[in-house]
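Structural overview for review
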Amino acid sequence: LRDRVNVARRPRSVGMEKTMHRVAEKLRGGGLDRLVWLVRRSGLPDFLRRFNTRGASGNENDEDRDREVLRSCFVEDAEKLGEMLGRDMIKEWNLR
């Protein structure tokens, strides 16, 4: 449950990302699917993507700021839902 899957990422160079995609599409369009498969299997595209990744948000401060913004957006809704259910949804959802 704690494994991160499909983690968002942001490329350092969008041009490099697009070029990799275009080359693969051109090769596939030319009937070279097997070559694309062999290159993928070699791990080269994964290596290049790891090299070209800076992370989803840049740093932890951005993530903390985003969490606080989202919390502030949901506090009012949690209060209203809590009144309807007769429960403290703010506490249950850890919004404060």
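Residues numbered from 1 in each chain as written. Predicted model: local features only at pLDDT ≥ 70, side-chain atom pairs only at ≥ 80, totals over all residues. Heavy atoms only, no water.

With that settled, the discussion passes to the nonpolar core. Among the nonpolar cores identified, the biggest contains five residues, and these are Val 75, Ala 78, Met 89, Ile 90 and Leu 95. Counting only elements with at least two residues in this core, the list comes to helix 4 (60-85) and helix 5 (89-92). Beyond its immediate chain neighbours, meaning those up to four positions away, Ile 90 contacts Val 75, Ala 78, Glu 79, Leu 95 and Arg 96. (Core = buried A, V, L, I, M, F, W, Y, C linked by side-chain atoms within 4.5 Å. Buried < 20%, exposed > 50% of the residue type's maximum accessible area, 1.4 Å probe, protein only. Helix = DSSP H or I, 4+ residues; strand = E, 2+ residues; numbered from the N terminus. Contact = heavy atoms within 4.5 Å.)

A word on the layout of surface pockets. The volume enclosed by the largest pocket comes to roughly 300 Å³. Taken together, 13 residues form the lining of the largest pocket, with Met 20, Ala 24, Val 39, Arg 40 and Pro 45 sitting closest to its centre. For the lining of the largest pocket, the secondary-structure elements that each account for two or more residues are helix 1 (14-29), helix 2 (33-42) and helix 3 (44-51). Among the elements that line the lining of the largest pocket, the one with the most residues is helix 1, at six residues. Among the residues forming the lining of the largest pocket, the class breakdown is nine nonpolar, one polar and three charged. (1 Å grid on protein atoms, 1.4 Å probe; cavity = no way out; pocket = protein on both sides within 12 Å on 5 of 7 lines; lining within 4 Å. Points joined across faces, edges and corners; volume = space filled by probe spheres on them. Nonpolar A, V, L, I, M, F, W, Y, C, P; charged D, E, K, R; others polar.)

Let us now look at a nonpolar patch on the surface. Side chains of Leu 32, Leu 35, Val 39, Leu 44, Phe 47 and Phe 51 sit close together on the surface and give an oily, nonpolar patch of about 550 Å² of accessible area. Listing elements by their share of the nonpolar patch, those giving two or more residues are helix 2 and helix 3. A per-element tally of the nonpolar patch places helix 3 first, with three residues. Structurally, Leu 35 is set in helix 2. (Patch = residues over 30% accessible without salt bridge, like charges linked within 9 Å, V, L, I, M, F, W, Y side chains within 5 Å. Areas by Shrake-Rupley, 256 points an atom, 1.4 Å probe, with all protein chains shown as cover. Salt bridge = Lys/Arg side-chain N within 4 Å of Asp/Glu carboxyl O.)

Attention now moves to the confidence of the model for the protein chain. Looking at the protein chain as a whole, its pLDDT mean stands at 86, while 92% of the residues score no less than 70. When mean pLDDT is taken per element in the protein chain, helix 2 scores highest with 94 and helix 4 scores lowest with 85. (pLDDT = per-residue confidence, 0-100.)

Excluding glycine, a negative phi dihedral is what most residues carry, and trans is how most peptide bonds are arranged. The residue Asn 94 is not glycine, and still its phi comes out positive at about 55°. In this structure, Asn 94 sits in the segment after helix 5. Here Asn 94 falls in the partly exposed class, since its relative accessible area comes to 47%.

Under the counting rule described, the total for this entry stands at six salt bridges. A salt bridge links Glu 17 to Arg 49, with the shortest nitrogen-to-oxygen separation between them at 2.9 Å. Note that Glu 17 is positioned in helix 1 and Arg 49 in helix 3, a separation of 32 residues in sequence. Residue classification places Glu 17 among the buried residues on the basis of a relative accessible area of 17%. The partner of Arg 65 in a salt bridge is Asp 66, with the nearest N and O atoms 3.8 Å apart.

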